[in-house]
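Observations on chain architecture
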Amino acid sequence: MPLTLTEKIISSHLVSGTLRTGEEIGIRIDQTLAHDATGQMALLQFEALGKERVETERSLIYTDHNILQTTFNNADDHAFLRTASARFGIHYSKAGNGICHQVNLERFSVPGRTLLGADSHTTTGGAMAELAVGAGGLDVALAMGGSPFFFRLPEIIEIEVTGKLPPWSAAKDAALELLRILTVSGGRGKILEFTGPGLKNLSLVQRATISNMSIETGAVTSVFPADEETRKYLKLQGREEDYAPLAADPEAVYASKIRLDLDGIEPLAALPHSPDKVRKVKEVEGALCQQIAIGSCTNSSYEDLMTAAEILKGKKIPGFLSLVVAPGSKQVLAELASRGALGALVAAGARIAEVGCGFCNGVGQAPPSGGVSLRTSNRNFPGRSGTPSAKLYLVSPETAAASALTGRLSDPRSLGEKIAIRLPESYLVDDSMILAPPEEPSRVEIIRGPAIAPLPSFPPLPEEITGKVEMRLSDNVTTDDILPAGAHILALRANIPAISMYIFSNLDQDYPRRQKEAGTGFVVAGANYGQGSSREHAALAPRYLGLKGVIAVSFARIHQANLCNFGILPLAFANPGDLETLEKGHLLRLKDLASLSAGAILTVENLTLHSAFQVKLDATSRQTEMLKAGGLLNLAARTGKK
Ligand code: MIC
Ligand code: SF4
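Residues numbered from 1 in each chain as written. Chains lettered and ligands numbered in written order. Predicted model: local features only at pLDDT ≥ 70, side-chain atom pairs only at ≥ 80, totals over all residues. Heavy atoms only, no water.

Mapped onto the secondary structure, T32 falls in strand β3 (residues 31-35). With near-sequence residues (within four places) excluded, T32 lies in contact with T56, R58, S59, L60, L115, L116, V140, A143 and M144. (Helix = DSSP H or I, 4+ residues; strand = E, 2+ residues; numbered from the N terminus. Contact = heavy atoms within 4.5 Å.)

Here's what the structure looks like:
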């Protein structure tokens, strides 16, 4: 039978289940990654599972999200991550070495492998023909210990790429075009597999921008074939031996097909406050910008930043504008420095930020109140920049640099002939900031500063739950809404009681107090609840506060899994119209939970309205067992599954 590329990778890693769409399968994981926002929990959970050493081909912890060190918390986190990595056999990438997805692509991604990352943009690895999937830290902890990763087999959608990007149109514009077509929920339950004659016109780095942002459509991941472009990139990285050609069989069957014609793609921008509010730059040109930020795991490669530097070379930005450039990796920074591009950026008036995620998740560079910030990153959710009233536009490095010259959102085509950048013969490879685990790991002492709190424990699911609707929300609630980003809150990622005080803090500051005092209760929401990041704290911390169930029209994949992992019931309205009947403060009751089964239809009594409605438990049999046990760690301890 002819197979898609996704099916080929899955079949070669299949541990349980069959290749039937919608069915839960388990796959062997070759590589894992986590970072300084998710790695603390992943490592504490790995430890709680009683594991001595990771059993993957390679596991990595990166220090990239919160490297500001405004208090001791970051430094404590980093010391914990470094020593726990050494103890458990994990490679540790120090602060300053780069953003996990950029560095992983440069140094570790290998065609045909599976990669599970405690970060939603792990999908970036799809550019290297990996099955690269984002998940919560606990799922990654289990995978590090050699357990399979379980998920429902998605539909595989063919994205047939034709043509060639016109001058000044970028891979970012292609990614935004896909978002325009699919919206932030159109990819739910799907894997996007790229095929077609246009692929030869997309470099690996351009593919990485597209696979990076594929998560914004809600897709599980996206996969590109391994071809000449893959080989070229691996050669530049001095690891051509990792190359192996890989593609779908010619007769492979897909669930459906979307055509992506590169010829027709113009410079695009995602308008505030959602990555799918896509317009042509020429239609929205002219907006005055207070800030322009170039970087993030979407667009911080050598190609991206060299392009920006070439555009800015010999020019000056307007005085009112703040231009920030954050290189994606030490390698990129070294290349920019050695080729004079760093000097060109600085001379033009750019501020060079530390290598890392930085502005992308609100760690520094908050725009002024009500300000417009053009960013090359992937998410423009409200408040993510650290300024709730700011307006974030997502654009390509070309558009960002062209706009930096005028201080207004500008179409890069106004610059005239497209500049060309030259790739070096090989990139400057220096892995000295990646610490390999020692030969004798048992001798390593794990450093736990006061920032590292013990893991909370939870009781099993009760027979009956009665509680109020503590939050009533609408569609597309993001994990940034549930648990905001930003240096201050990120610094508490290893302390659940402390971080729980920030749950929903941008929407309702009283929620944590109310939820904790009640010790029970529900959140009610519309479609695609929990879209965006993989942060499991958005489930774990509400669980700590006493949240028992989320009743929504539908759930984003990673968040649904995180809810199950921590024993919060994900309940989907049988009739979505019932959402309209519910208000904050309504008292709800769920009974007979001891006999809960996968996909069960349950009756929710609304004791305030003296009415009832039905919900469906959105969980597989395996997840239902976790829910009954009060979470995956309880289940693992009970079954001795280590
Ligand atoms: C993000 O881009 O939202 C983050 C910060 O990288 C998150 C990780 C986290 O918040 O733990 C993600 O994408 O998963
Ligand atoms: Fe870091 Fe931003 Fe990428 Fe998340 S999206 S990994 S915060 S650069």
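And the narrative resumes.
On to the pairing of strand β21 (residues 465-472). Of the strand pairs in this sheet, β21 and strand β25 (residues 587-590) are connected by 4 bridges, and their pairing is antiparallel. Across the sheet, I465 pairs through a bridge with L590, a residue of β25. In this structure, β21 lies alongside strand β22 (residues 522-525), joined through 3 bridges in parallel fashion. Within β22, the position partnered with V469 by the bridge is F522. (Pairing = 2+ DSSP bridges.)

Next up on the list: the site of ligand 1. With respect to spatial proximity, 14 residues lie near ligand 1, and among them D119, S120, R493, S534 and R535 are the closest. Within the contact set of ligand 1, an oxygen atom lies 2.7 Å away from a side-chain nitrogen or oxygen of H65. Here S534 contributes a backbone N or O atom positioned 2.7 Å from an oxygen atom of ligand 1. Calculation on ligand 1 without its partners gives an accessible area of 340 Å², and the protein chains cover 96% of this total. For the shell around ligand 1, the per-class residue count stands at 1 nonpolar, 8 polar and 5 charged. (Near = heavy atom within 4 Å. Polar contact = N/O pair within 3.5 Å; in protein donor to acceptor, adjacent residues only side chain to side chain. Areas by Shrake-Rupley, 256 points an atom, 1.4 Å probe, with all protein chains shown as cover. Nonpolar A, V, L, I, M, F, W, Y, C, P; charged D, E, K, R; others polar.)

All right, on to the packing of aromatic side chains then. Counted by the stated rule, this structure contains 8 aromatic pairs. Centroid distance Y302 to Y427: 5.5 Å. Interplanar angle 70 degrees. Geometry classified as edge-to-face. Here Y302, found in helix α10 (residues 302-312), pairs with Y427, found in the loop between α13 (397-406) and β20 (434-435); they are 125 residues apart in sequence, far enough to count as distant. For the pair Y302 and Y427, a shared accessibility class is recorded, and that class is buried. Cluster of aromatic residues (ring-pair linked, three or more members): Y233, Y302 and Y427. (Phe/Tyr/Trp six-rings, centres within 6.5 Å; stacked < 30°, edge-to-face > 60°. Buried < 20%, exposed > 50% of the residue type's maximum accessible area, 1.4 Å probe, protein only.)

Turning next to helix α18 (residues 537-545). Owing to its 3.6 residues per turn, the α-helix brings residues three or four apart onto one side. For α18, the buried fraction is high: 8 of the 9 residues fall into the buried class. Among the residues of α18, those classed as buried are H537, A538, A539, L540, A541, P542, R543 and L545. One or two steps after α18, the chain reaches G546, where phi turns positive at roughly 115 degrees.

The 3 strands lie next to each other as β1-β2-β8, forming an open sheet whose pairing is antiparallel. The sheet terminates laterally at β1 (14-16) and β8 (149-152), the two strands that pair on one side only. Strand-to-strand, the axes of this sheet are offset by a mean angle of 40 degrees, without reference to chain direction. In the sheet, β1 pairs with strand β2 (residues 24-27) via 2 bridges, with the strands oriented antiparallel. From the neighbouring strand, L14 faces β2, where its bridge partner is I27. (Axes fitted to C-alpha atoms, helices over the stretch in contact; angles between N-to-C directions.)

Turning our attention to the site of ligand 2. For ligand 2, the full set of nearby residues is H65, H101, D119, H121, S296, C297, C357, C360, N361, N378 and R384. Classifying every residue of the shell around ligand 2 by side-chain character gives 3 nonpolar, 6 polar and 2 charged.

Attention now goes to unusual backbone geometry. Excluding glycine, most residues fall at negative phi; most peptide bonds, likewise, are trans. The linkage connecting P272 with the following residue, H273, adopts the cis geometry, with an omega of 0 degrees. Tracing the sequence through the fold places H273 in the loop between β13 (268-270) and β14 (278-280). A positive phi angle, close to 60 degrees, is found at Q365, a residue other than glycine. Of note in the backbone geometry, F504 takes a positive phi value of approximately 55 degrees without being a glycine. In this structure, F504 sits in the loop between α16 (496-499) and α17 (511-518).

If you check helix α6 (residues 171-182), its first and last C-alpha atoms are 17 Å apart, about what 12 residues at 1.5 Å a residue would give, namely 16 Å. For α6, the tally of buried residues reaches 10 of 12 residues, placing the bulk of the element in the interior. (Expected span 1.5 Å × (residues − 1).)

This part is about the sheet that holds strand β5 (residues 91-93). Taken in spatial order, the 6 strands make up an open sheet running β7-β6-β3-β4-β5-β20, and their pairing is mixed. Edge positions in the sheet fall to β7 (131-134) and β20, since each has one partner strand and no second. Where helix α3 (residues 72-88) meets the sheet, it contacts β4 (58-62), β5 and β20, and its direction lies at approximately 155 degrees from that of β5.

Let us now look at the environment of Y502. Along the chain, Y502 turns up in the loop between α16 and α17. Excluding residues within four positions of it along the chain, Y502 makes contact with I482, L483, P484, H488, I489, L492 and P512. At 2.9 Å, the side chain of Y502 and the side chain of H488 are in polar contact.

Before going further, it helps to spend a moment on the nonpolar core. Most often, soluble globular proteins keep nonpolar side chains buried together rather than apart. Residues Y529 and L569 are the most contacted members of the largest nonpolar core, which totals 143 residues. It is α10 that provides the largest number of residues to this core, a total of 7 residues. The contacts of Y529, once residues within four sequence positions are left out, are L473, V477, I482, F504, V523, V550, A552, S554, F555, A556 and H559. Counting 28 residues, the second largest nonpolar core, distinct from the first, contains I157, A175, L182 and M213. (Core = buried A, V, L, I, M, F, W, Y, C linked by side-chain atoms within 4.5 Å.)

The next point concerns the pattern of salt bridges. Summed over the entire model, instances satisfying the criterion amount to 39 salt bridges. For K282, the salt bridge identified is with E266, shortest N-O distance 3.0 Å. One end of the pair, K282, is in helix α9 (residues 281-284); the other, E266, is in the loop between β12 (256-261) and β13, with 16 residues separating them in the sequence. Close ionic contact of E310 with K313 constitutes a salt bridge, the shortest N to O distance being 3.4 Å. Classification of E310 by relative accessible area gives partly exposed; the value is 26%. (Salt bridge = Lys/Arg side-chain N within 4 Å of Asp/Glu carboxyl O.)

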